[in-house]
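Breakdown of the fold
The primary structure of each chain is shown beneath.
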Amino acid sequence: MKNVIAIDGPAGAGKSTTAKLAAQKIGYTYIDTGAMYRAVAWKTLQAKKPVTDELILATVKDMTINLRYDNGVTRVFVDVDKEITNEIRTPAINEIVSQVARLKDVRDKLVTLQREMAKRGKVLMDGRDIGTNVLPDADLKIFLTAGIDERAKRRYNELTAKGHNVDLAEIKASITNRDKIDSERAVAPLKQADDAILLDTTAMSIDEVVDKIVELAEGE
Ligand code: DC
């Protein structure tokens, strides 16, 4: 069994859905690092000021972030136990989170927390730079991807199911833009690690992806 598992990939590839289910099946802790960048984005928006790098840096400096993994659900808390689990999954956060995640001071703080959480072992962590930067010695690295149209459709379904009124073409443009910023940033860009296994999920069901992750996790 692999002790530390890293899953990376672009927006909407199905990482969080499948990683969470796979972690549950093998009895591992699931760590959603995107939720941590989203928490910083959420708190930045609370200031109700134009979002500048200065505002983001001032925000991250003074905040605490906690993830609690409860019955297969990652709950997100900031500062003195303010829960924002649902508030971080909105189009407004999607719009600014890549800007937040570009900044070195933001990444340094969150990566330190992520490495600390992984120390306990039996973890499955997902994000953009887990295999390349956060946990380069992970026992298993998976790069999960899917075609852009499929990824846009998945994000669209996820947001409409939650009652957001969204447009498919706009979502596709927003995901493309986010991937571009995530892949081209100077600090720890989105990139497949040399030793990662590529999994293209375009034509795969959620169950098929989960089974594949479990099979790889159980491998020698
Ligand atoms: O996976 P997600 O959509 O929740 O991620 C939100 C953003 O956070 C994404 O645009 C890129 C960033 N991110 C990152 O830069 N590094 C990570 N390890 C995880 C997420």
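Further up the page is the structure itself.
Residues numbered from 1 in each chain as written. Predicted model: local features only at pLDDT ≥ 70, side-chain atom pairs only at ≥ 80, totals over all residues. Heavy atoms only, no water.

**Observations regarding the sheet that holds strand S4 (residues 73-78)**
Taking strand neighbours across the sheet as the criterion, the 3 strands line up as S3-S4-S5 in an open arrangement whose pairing is antiparallel. The open sheet is flanked by strand S3 (65-70) and strand S5 (82-83), the only strands paired with a single partner. The pairing of S3 with S4 spans 6 bridges and is antiparallel. For Asp-70, the partnering residue across the bridge sits in S4 and is Val-73. Here helix H2 (residues 33-46) sits on the sheet in contact with S3, S4 and S5, set at roughly 135 degrees to S3. (Pairing = 2+ DSSP bridges. Helix = DSSP H or I, 4+ residues; strand = E, 2+ residues; numbered from the N terminus. Contact = heavy atoms within 4.5 Å. Axes fitted to C-alpha atoms, helices over the stretch in contact; angles between N-to-C directions.)

**Observations concerning the side chain of Thr-18**
Assignment of secondary structure puts Thr-18 in helix H1 (residues 15-26). With residues near it in sequence (within four places) discarded, Thr-18 still touches Leu-144, Ile-206, Val-209, Val-210 and Ile-213.

**Looking at the pattern of salt bridges**
Scanning all chains against the criterion turns up 20 salt bridges. One salt bridge in this structure joins Arg-89 and Asp-32, with 2.9 Å as the shortest N-O distance. In this pair, Arg-89 is assigned in the loop between S5 and helix H4 (91-101) and Asp-32 in strand S2 (residues 29-32), connecting sequence segments 57 residues apart. Linked by salt bridges that have partners in common, Asp-70, Arg-75 and Glu-83 make up one network. (Salt bridge = Lys/Arg side-chain N within 4 Å of Asp/Glu carboxyl O.)

**A short note on the nonpolar core**
Where a protein is soluble and globular, its nonpolar side chains tend to be buried together. Membership of the largest hydrophobic core comes to 36 residues, with the highest contact counts inside it found for Val-40, Ile-65, Val-106 and Leu-135. With 7 residues, the single largest contributor to this core is H2. Sequence-distant contacts of Leu-135, that is, excluding residues within four places in its chain, are made with Val-4, Ala-118, Met-125, Ile-130 and Lys-141. Counting 19 residues, the second-largest nonpolar core is a separate cluster that includes Ala-19, Leu-124, Leu-199 and Ala-217. (Core = buried A, V, L, I, M, F, W, Y, C linked by side-chain atoms within 4.5 Å. Buried < 20%, exposed > 50% of the residue type's maximum accessible area, 1.4 Å probe, protein only.)

**Comments concerning the site of the ligand**
In the vicinity of the ligand lie 16 residues, with Arg-38, Arg-107, Asp-129, Arg-178 and Arg-185 positioned nearest. The side chain of Arg-107 places a nitrogen or oxygen atom 2.7 Å from an oxygen atom of the ligand. When the ligand is considered free in solution it has 450 Å² of accessible area, and contact with the protein chains removes 97% of it. Listed by contribution, the elements that provide at least two residues to the shell around the ligand are H2, H4 and helix H8 (168-184). Sort the elements by how many residues they give to the shell around the ligand and H2 lands first, with 4 residues. Tallied by class, the residues present in the shell around the ligand amount to 4 nonpolar, 4 polar and 8 charged. (Near = heavy atom within 4 Å. Polar contact = N/O pair within 3.5 Å; in protein donor to acceptor, adjacent residues only side chain to side chain. Areas by Shrake-Rupley, 256 points an atom, 1.4 Å probe, with all protein chains shown as cover. Nonpolar A, V, L, I, M, F, W, Y, C, P; charged D, E, K, R; others polar.)

**Observations concerning the environment of Thr-17**
Position of Thr-17 relative to the elements: it lies in helix H1. Along the primary structure Thr-17 and Leu-103 are separated by 86 residues, whereas in three dimensions their C-alpha atoms are 26 Å apart.

The quantities given are spatial measurements derived from coordinates; they are silent on function.
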